[in-house]
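# Inside the fold
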Amino acid sequence: MPCTPEYDEVMKEVFGDRIGEGSYVAPPIYGAAIDKIVIGRNCYVNNNFLAMARGGVTLEDDVMVAANVQILTNNHDPYKREILTCKPVLIKQGAWIGAGASIMPGITIGKYAIVGAASVVTHDVPDYGVAVGNPARVVKTLDPDKFE
């Protein structure tokens, strides 16, 4: 049950010291190499999170991840498909990833950026950028002065 001592124990078992104070991960979560996920403070990760994390996933402080998001850090070589290629994903402070979005290997989502629902991110999103679509494109830049 979320928000109970039992839940906290399970989160410590799954994430060890790689989850910051005040962060919440809603079950269920899926993936590979969960031990390569680092979650900062005051993050919220909604249910059905899929992290193929062999390349490493870092969520900085205050990140929000909506339901059904996929973060993929690994892929296969197009010619030798038994070879797994891995690139880390970094989601910077205060970013918000919309429901059903997919983040591809090697991507950085900038500080306070937004990724729209169902977007497929194949290129970095700059700080304060709003990216939507498939493939995701930056359509707007948020005003940095409006963030505390």
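You'll find the structure just up there.
Predicted model only: the values in this text are computed from it and were never measured.

### Quick word on the pattern of salt bridges
- Applying the stated criterion across every chain, the model contains 1 salt bridge.
- Here D61 ties to R41 by a salt bridge, and the two come within 2.6 Å at their closest N and O atoms. Pair noted here: D61 is in the loop between β6 (57-59) and β7 (64-65) and R41 is in the loop between β3 (37-39) and β4 (44-45), with a separation of 20 residues, a long-range link.
- Accessibility expressed as a relative area gives 21% for D61, which makes it partly exposed.
- Since its relative accessible area comes to 46%, R41 is described here as partly exposed.

### Focus: the packing of aromatic side chains
- Enumeration according to the criterion identifies 5 aromatic pairs in this entry.
- Pairing Y112 with F147 gives two aromatic rings, centres 4.4 Å apart and planes at 35°, and the pair type is tilted. Linking Y112 in the loop between β14 (108-109) and β15 (114-115) with F147 in the segment after β18 (136-141), this pair joins segments that are 35 residues apart in sequence.
- Taken together, the aromatic side chains of Y7, Y24 and Y44 make up a single cluster linked through ring pairs.

Here is what the cut-offs are and how they apply
Residues numbered from 1 in each chain as written. Predicted model: local features only at pLDDT ≥ 70, side-chain atom pairs only at ≥ 80, totals over all residues. Heavy atoms only, no water. Salt bridge = Lys/Arg side-chain N within 4 Å of Asp/Glu carboxyl O. Helix = DSSP H or I, 4+ residues; strand = E, 2+ residues; numbered from the N terminus. Buried < 20%, exposed > 50% of the residue type's maximum accessible area, 1.4 Å probe, protein only. Phe/Tyr/Trp six-rings, centres within 6.5 Å; stacked < 30°, edge-to-face > 60°.

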